[in-house]
Amino acid sequence: MEPTDTSHPDYYHKVVDCQWACPAHTDVPEYIRLIAQGRFTEAYMVNRHSNVFPGILGRVCDRPCEPACRRGRVEAKPVAICRLKRVAADHRDDVTALLPKVPKIKNGRRVACIGAGTASLTVANDLMPLGYQVTIFEQYGEPGGLMRTNIPSFRLPHTVLNEEIAMITGMGVDLKLNHPIASMRDLLSSGGFDAVFVGSGAPKGKELKLPGREAGAANIHIGIAWLESLAFGHISKIGERVLIIGVGNTAMDCCRSSLRLGAKSVKVMARKPRGFFKASEWELEDAEEESVEIVINRSPKAFVVENGKLAGMMFDHMEYDLDSQGRITAERIVGEEFLPADDVILAIGQENAFPWIERDLGIEFDKWDVPNVDKVTFQSTRPGVFFGGDAAFGPKNIIWAVEHGHQAAISIHRHCEGLSVADRLAPGVNLQSRKMGMHEWSYSNDYAPVERRLMPHVSLKERFKKLNIEVELGFTAEAAAQEVQRCLNCDVQTVFTAKLCIECDACIDICPVDCLTITQNGAEADLRTRLKAPAKNLTQPLLVSAGLPQTGRVMVKDEDLCVHCGLCAERCPTAAWDMQKSYVRWPQAEDEMRDLQAKEPKIA
């Protein structure tokens, strides 16, 4: 339990759960502490270092951090991490002077990014301060990629989107709008770029080839293309009765947008039960609050066209058998049902599309016509050509695309330096004691019983007056001050020094969750049978100390139960327990540059 290798994060990623669950590894507890102190601008910059778009992600992130939040181990709802990102963005001061500085003298390397979406913008954000000249080619007249074309403005206002994109393009990025790339060969043969990054997303919506599809085509729409037309003002109305096929986040955006265009009845059709939905729970709640009906166990069978016009759809009514883990073991059709519709929107998934990449350039594609991309370096099979975001491994979400951009930027820098892209800095962890004096630590460890704050919304009467009225109003500073109290400081963790322990059992007696046990050592499976509280999470390894000086027994800690309250350290009479903050070092391109510069021979 006494850390033997604080340079390696293999253990600590199980401790600072929210930070490690986020693909970009945002230092969540640190910016929460800054928000608690009212230091919103500093919190914004801590957040921006890793996730680049705090105001955007504070509204539309898929929140992989929240299921991992340690608060969820003691009550039902985690800390509202995502919405606290937005608090920092909404209440900050001007950060222009705090943004990364771009050198006046460039390093002579030029990088092309295809698509002005999340991943490409992140690459530019990381490389411009290193002296690179970055050119972004965008097929549309505005940057943002799927953030602009697929997320409605009532969820993500264009003012927020434009502002955070401008923080990157304002560094001097050569942004070529209305400039689609028609040929990768032509781009590579131009000889003007040292590396190419493909961040073109997954722009192709999946089709549903059923009887009646062609005959009813005028009123059958592909979800992402329909949202794109809506974003650029190409459509302004829809029929009164709308069916949405699919139940992912795109489907939720389509159904809520339909209501704002005048639809009176909107139904989302799901083939399987609710437990199999891909949409985030909060997106489902928002849609249902707006009277969207979600119909389960309906499998599309045919489009029904009458007198040359779409009349509705025919569905098979499904029934499923589930096992004890909730998995489907059998399915059967128990009937069929017709539902009338004036328009149908297909939101059943997205696919990569690379018709502009010739197949004889050394860029290999798999059997699904997806590029073979290294999952660490993001380099394709052709050196110097990199992929990221949805273009690399298919649709995920914005925060994943940000991390892809960070990692691709490292690889691009190493490639341009003539070095192996695989030989990169490893992540690591530093620990620092929070001790201030005898039994005092410089962090708040009080347990706040306050419940998770509810997000205020614009009233149902008001939100449909315009397409771009933002529904979520954001936390006030007062609400944020209450929500941050719920954080359990999972980055400030217990560190135990066995040689100082006198086996008085004070820590065991005071532990509120019974995560500590002193017992004879043994195999982990055996230790789990002798713990004070059952260790049910087998994916979380037990922490076992060296032998204690009095009896040779060991201190065993079940980290899965620990809430990092620090009472063991406060109660310990010999300071065998300490509370230490972990600083996770997840390298970015600037760290690679500094490391390479440090290795250069010094001139006397």
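Up top you'll find the structure we're talking about.
Residues numbered from 1 in each chain as written. Predicted model: local features only at pLDDT ≥ 70, side-chain atom pairs only at ≥ 80, totals over all residues. Heavy atoms only, no water.

**Q** Mind laying out the side chain of Thr519, listing which residues take part and the relevant values?
**A** Residue position: Thr519 is located in strand β20 (residues 516-519). Judged by its relative accessible area of 10%, Thr519 falls in the buried class. Setting aside residues no more than four positions away along its own chain, Thr519 makes contact with Leu527, Arg530, Arg553, Val554 and Val556. (Helix = DSSP H or I, 4+ residues; strand = E, 2+ residues; numbered from the N terminus. Buried < 20%, exposed > 50% of the residue type's maximum accessible area, 1.4 Å probe, protein only. Contact = heavy atoms within 4.5 Å.)

**Q** Lay out the nonpolar core in plain terms, naming residues and giving numbers.
**A** In terms of nonpolar packing, the biggest core is built from 66 residues, with Leu127, Met184 and Phe387 touching the most fellow members. Residue contributions to this core peak at nine residues, all from helix α14 (residues 398-416). For Leu127, the contacting residues outside a window of four places in its chain are Val111, Tyr132, Val134, Ala409, Ile412, His413 and Ala589. Formed by 29 residues, the second largest nonpolar core is a distinct cluster that contains Cys69, Ala89, Met455 and Cys490. (Core = buried A, V, L, I, M, F, W, Y, C linked by side-chain atoms within 4.5 Å.)

**Q** Residues and numbers for the pairing of strand β1 (residues 110-114), please.
**A** Of all five residues making up β1, four are buried, and the element is well covered by its neighbours. Pairing between β1 and strand β2 (residues 133-137): five bridges, direction parallel. Bridged to Ala112 within β2 is Thr135. Considered for its hand, the β-α-β crossover made up of β1, helix α6 (residues 118-127) and β2 is right-handed. As defined by bridge partners, β1 adjoins strand β4 (residues 195-198) across four bridges and the pair is classed as parallel. Looking at β4, one finds that Ala112 is bridged to Val196. (Pairing = 2+ DSSP bridges. Right-handed = clockwise from strand over helix to strand, strands pointing away.)

**Q** I'd like a description of the layout of surface pockets, backed by residues and values.
**A** Here the second largest pocket defines a volume of roughly 480 Å³. Looking at the second largest pocket, it is lined by 17 residues, and the ones nearest its centre are Arg63, Arg83, Trp282, Glu285 and Arg452. Here the lining of the second largest pocket gets five residues from one element, more than from any other, and that element is helix α12 (residues 281-289). When its residues are assigned to classes, the lining of the second largest pocket shows five nonpolar, one polar and 11 charged. (1 Å grid on protein atoms, 1.4 Å probe; cavity = no way out; pocket = protein on both sides within 12 Å on 5 of 7 lines; lining within 4 Å. Points joined across faces, edges and corners; volume = space filled by probe spheres on them. Nonpolar A, V, L, I, M, F, W, Y, C, P; charged D, E, K, R; others polar.)

**Q** I'd like to hear about empty space enclosed by the protein, residue by residue, with values.
**A** In this structure the tally under the stated criterion is six cavities of 30 Å³ or more. The space that makes up the largest cavity amounts to roughly 140 Å³. If you trace the largest cavity, you find 14 residues lining it, with Arg59, Arg155, Arg256, Asp286 and Glu472 closest to the centre. Counting residues per element, the ones that place at least two in the lining of the largest cavity are α4 (54-60) and α12. In terms of residues, the lining of the largest cavity owes the most to one element, α12, which gives three residues. Its residues assigned to classes, the lining of the largest cavity shows five nonpolar, no polar and nine charged.

**Q** Quick rundown of helix α20 (residues 589-599)? Include the residues and the values.
**A** The set of residues buried in α20 consists of Ala589, Glu592 and Leu596. End-on, the buried residues of α20 take up no more than an arc of 55°, which puts them together on one face. At its buried positions, α20 is contacted by α6 and α14. (Arc of directions from axis to C-beta.)

**Q** Quick rundown of the sheet that holds strand β8 (residues 265-269)? Include the residues and the values.
**A** Spatially, five strands are ordered β6-β13-β7-β8-β9 in an open sheet, and the strand pairing comes out parallel. The two strands at the open ends of the sheet, each matched to only one other strand, are β6 (220-222) and β9 (293-295). Each adjacent strand pair in this sheet contributes to an overall mean axis angle of 25°, direction not counted. The pairing of strand β7 (residues 241-245) with strand β13 (residues 343-346) spans four bridges and is parallel. When the sheet's bridge partners are listed, Ile245 is paired in β13 with Leu346. (Axes fitted to C-alpha atoms, helices over the stretch in contact; angles between N-to-C directions.)

In short, the description is geometric, and any link to function would need to be established separately.
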